[in-house]
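Next come the chains, spelled out residue by residue.
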Amino acid sequence: MISIIGAGPAGSYLGYLLSKNNIPCRIIEQKREIGIPEQCTGLISRNLEELIPISWVKKSIQNSVNGAVISCGKSSFEISAGQPKAYVFDRTLFDQAVAERADKAGCRIMLGKKYISHKAGDNINVKLSSGNSEKIMQASSLVGADGPHSSVARQSGLYGKRIFWTGTQVILRTKKPFFEKDRVYVFLDRRYSDGFFAWTVPLDEDHAKVGLASYTNPAGYLRRLLKEKFHDHEVKDRSAGIIPVYRKIPVQNKAKNTFLIGDAAMQVKATSGGGVVNGMLAAKELLKAIKSGDMDYEKRIGFIRRNLWLHLRLRKKLNSMDDNMKESLLRTLNDSDVKKVLRKKGDMDFPKRFIFDVLLAKPGLLRFIL
Ligand SMILES: Cc1cc2nc3c(=O)[nH]c(=O)nc-3n(C[C@H](O)[C@H](O)[C@H](O)COP(=O)(O)OP(=O)(O)OC[C@H]3O[C@@H](n4cnc5c(N)ncnc54)[C@H](O)[C@@H]3O)c2cc1C
């Protein structure tokens, strides 16, 4: 019996995949209700559809977007694919829908049970708590899908050194929207974030998820963003959460019976903070490792690591620029050949799919990368 800690998208998807392959598993989730509170913008690219049928999560779609407007100071760069490139999800409903698939496939989900620690022997003894009571459960393997502060990673010596951005977001209604419903808006200005960016992700013509992530003072930056960009607005909801900065760490122990996936393994894109697609991709690779019997999950995620490394490189490059340089970068990107490539090949998850073609179309961009 494989014990998965955490019923986020990574854990629930793994539970679904294992059960579908007749590999016994259970999911242990500390919350009594999956996905509450929502701590995410829920912007997920259509690459998701290579992992699950969209019908699974259709009810959680709030909007779909065709393109993006990226700005800094007085410069902005706008790109539209002319067709939906990403969905905006209600993450609570999304997480519940994926968990429901795991449950239906036969993976038992134990809610309100918190993983405390484990002891490895022939079998793994997993200590759980529920209210005042504690319980030991046996498992053949243990999977930490328990988010960025992963207790499984700490207990297994896989935690490594972690750095986080703090994300903070409001859902608001504005009487004077500056946005169009089918675009996401990204603000690279240093005055709205230290080390990341601010965003506006529309839900409809006058509602949007507005937020930012930052190394420091997220609440102060959000106050400034709202004051400067939304003159007449009403805040409907607030949330906050942390985003791990990707770093290569071991994601399985030496005995090959304890594994990390998703935010627990810091499998998050450093360009955008998005972690849902990569976490689910990692779950798929872990299934393959378990199914094959070689348990070599570490080897199988090489392509995920290389991709996350590229996102990190791009993030570091962007963070090394001052606002003048970012403005200059946006002006250089405003080129019809660049836009042509991006419309055809642009991909928010896999920059490798378009970055070389963009550089070929506009070699002048090299000075921002080298
Ligand atoms: C403000 C913000 C905006 C974001 N926007 C996006 C976005 O637009 N698109 C995107 O792709 N990503 C986004 N992310 C990142 C995304 O939310 C995460 O990458 C994603 O949720 C990771 O999924 P996961 O399954 O690995 O972990 P999680 O979703 O964190 O799930 C972990 C689960 O484990 C449970 N758990 C933790 N500890 C224990 C324990 N000891 N015992 C039992 N259960 C436990 C938790 O309760 C939780 O349910 C955003 C994050 C933030 C903070």
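Residues numbered from 1 in each chain as written. Predicted model: local features only at pLDDT ≥ 70, side-chain atom pairs only at ≥ 80, totals over all residues.

1. Here's the deal with the overall build of the chain
1) Next: Of the regular secondary structure elements, the chain holds 11 helices and 18 strands.
2) Next: Dimensions along the principal axes, computed over C-alpha positions, put the chain at roughly 60 × 45 × 35 Å.
3) Next: A burial count over the chain gives 44% of its 370 residues as buried.
4) Next: Residue pairs at least 24 apart in sequence account for 67% of intrachain contacts in the chain once pairs closer than 6 positions are excluded. (Helix = DSSP H or I, 4+ residues; strand = E, 2+ residues; numbered from the N terminus. Buried ≥ 20, exposed ≤ 12 C-beta atoms within 10 Å, placed from the backbone. Contact = placed C-beta atoms within 7 Å.)

2. Notes on the environment of E180
1) Next: Among the secondary structure elements, E180 is positioned in the loop between β13 (164-174) and β14 (183-187).
2) Next: For E180, a count of 15 C-beta atoms within 10 Å corresponds to the partly exposed category.

3. What to know about the sheet that holds strand β8 (residues 108-111)
1) Next: Pairing within the open sheet is parallel, and its 5 strands lie in the order β8-β2-β1-β12-β18. Pairing within the sheet leaves two strands with one partner each, and these edge strands are β8 and β18 (258-260). Adjacent strand axes in the sheet meet at a mean angle of 20°, parallel and antiparallel pairs treated alike.
2) Next: Bridging between strand β12 (residues 141-144) and β18 involves 3 bridges; their strand directions are parallel. Each bridged residue has a counterpart across the sheet, and for G144 the counterpart in β18 is L260. (Pairing = 2+ DSSP bridges. Axes fitted to C-alpha atoms, helices over the stretch in contact; angles between N-to-C directions.)

4. A short note on the nonpolar core
1) Next: If you look at the biggest cluster of nonpolar residues, it comprises 88 residues, and the most contacted ones within it are L14, V143, L212, L260, I261, A283 and L286.
2) Next: Each of domain 1 (2-42 + 90-161 + 249-300) and domain 2 (164-244) gives at least three residues to this core.
3) Next: Residues contacting I261, with those up to four places away along its chain left out, are A10, L14, V143, A145, G279, A282, A283 and L286.
4) Next: Grouped together as the second largest cluster of nonpolar side chains are 6 residues, F77, L333, V338 and V358 included. (Core = buried A, V, L, I, M, F, W, Y, C linked by C-beta atoms within 7 Å. Domains from an automatic or database assignment.)

5. Concerning the packing of helix α1 (residues 9-20) against helix α5 (residues 276-292)
1) Next: With their axes 8 Å apart at the nearest point, α1 and α5 run at an angle of 30° to one another. The angle between α1 and α5 falls in the class roughly parallel. By crossing handedness, the relation of α1 to α5 is classed as right-handed. Contact with α1, carried on its side by P9, A10, Y13, L14, L17 and L18, involves V276, G279, M280, A282, A283, K284, L286 and L287 of α5 and no other residues of that element.
2) Next: Grouping the constituent residues of the contact of α1 with α5 by class yields 12 nonpolar, 1 polar and 1 charged. (Parallel < 35°, antiparallel > 145°, perpendicular 65-115°, else oblique. Left-handed = near helix turned anticlockwise from the far one by under 90°. Nonpolar A, V, L, I, M, F, W, Y, C, P; charged D, E, K, R; others polar.)

6. Points about the sheet that holds strand β4 (residues 61-65)
Adjacent strands of a sheet form backbone hydrogen bonds with each other and so pair up, either parallel or antiparallel.
1) Next: One open sheet holds the 3 strands; their spatial order is β3-β7-β4, and the pairing between them is antiparallel. The strands lining the two open edges of the sheet, one partner per strand, are β3 (43-45) and β4. In this sheet, adjacent strand axes meet at a mean angle of 30° when their direction is disregarded.
2) Next: Relative to strand β7 (residues 86-89), β3 runs antiparallel, the two sharing 3 bridges. Residue pairing across strands places S45 opposite A86, the latter belonging to β7.

7. A closer look at the site of the ligand
1) Next: Not every one of the 38 residues close to the ligand is listed here, only the nearest: G6, G8, G167, G262 and G275.
2) Next: Split by residue class, the shell around the ligand holds 15 nonpolar, 18 polar and 5 charged.
3) Next: Here the shell around the ligand spans two domains, since at least three of its residues come from each of domain 1 (2-42 + 90-161 + 249-300) and domain 2 (164-244). (Near = placed C-beta within 6 Å.)

8. Some points on the domain arrangement of the chain
1) Next: Domain boundaries assigned for the chain yield domain 1 (2-42 + 90-161 + 249-300), domain 2 (164-244) and domain 3 (314-369).
2) Next: Domain 1 and domain 2 are separated by 30 Å when their C-alpha centres are compared.
3) Next: Contact residues are listed per partner, giving 10 residues for domain 1 and 16 residues for domain 2.

9. Structural notes on helix α4 (residues 218-229)
1) Next: For α4, with 12 residues, the first-to-last C-alpha span of 16 Å sits near the 16 Å given by 1.5 Å per residue.
2) Next: Of the positions making up α4, those classed as buried are P218, Y221, L222 and L225. Seen along its axis, α4 keeps its buried residues to an arc of 100°; they face one direction. Of the exposed residues in α4, those oriented more than 90 degrees away from the buried face are G220, R223, K227 and E228.
3) Next: Those residues of α4 that are buried lie in contact with β13, β15 (198-202) and β16 (207-214). (Expected span 1.5 Å × (residues − 1). Arc of directions from axis to C-beta.)

10. Section: α5
1) Next: With 17 residues, α5 ought to run about 24 Å at 1.5 Å a step, and its terminal C-alpha atoms sit 25 Å apart, in line with that.
2) Next: Counting buried positions along α5 yields 12 of 17 residues, so the element is predominantly enclosed.
3) Next: For α5, every residue scored as buried is listed here: V276, V277, N278, G279, M280, L281, A282, A283, E285, L286, L287 and I290.
4) Next: Those residues of α5 that are buried lie in contact with α1, β3, β12, β18, α6 (297-300) and α7 (302-319).

11. Some points on the environment of A240
1) Next: Considering the arrangement of structural elements, one finds A240 in strand β17 (residues 233-244).
2) Next: Along the backbone, A240 and T166 are 74 residues apart, and their C-alpha atoms lie at a distance of 7.3 Å.
3) Next: Leaving out residues up to four positions away in the same chain, A240 has contacts with Q39, T166, G167 and T168.

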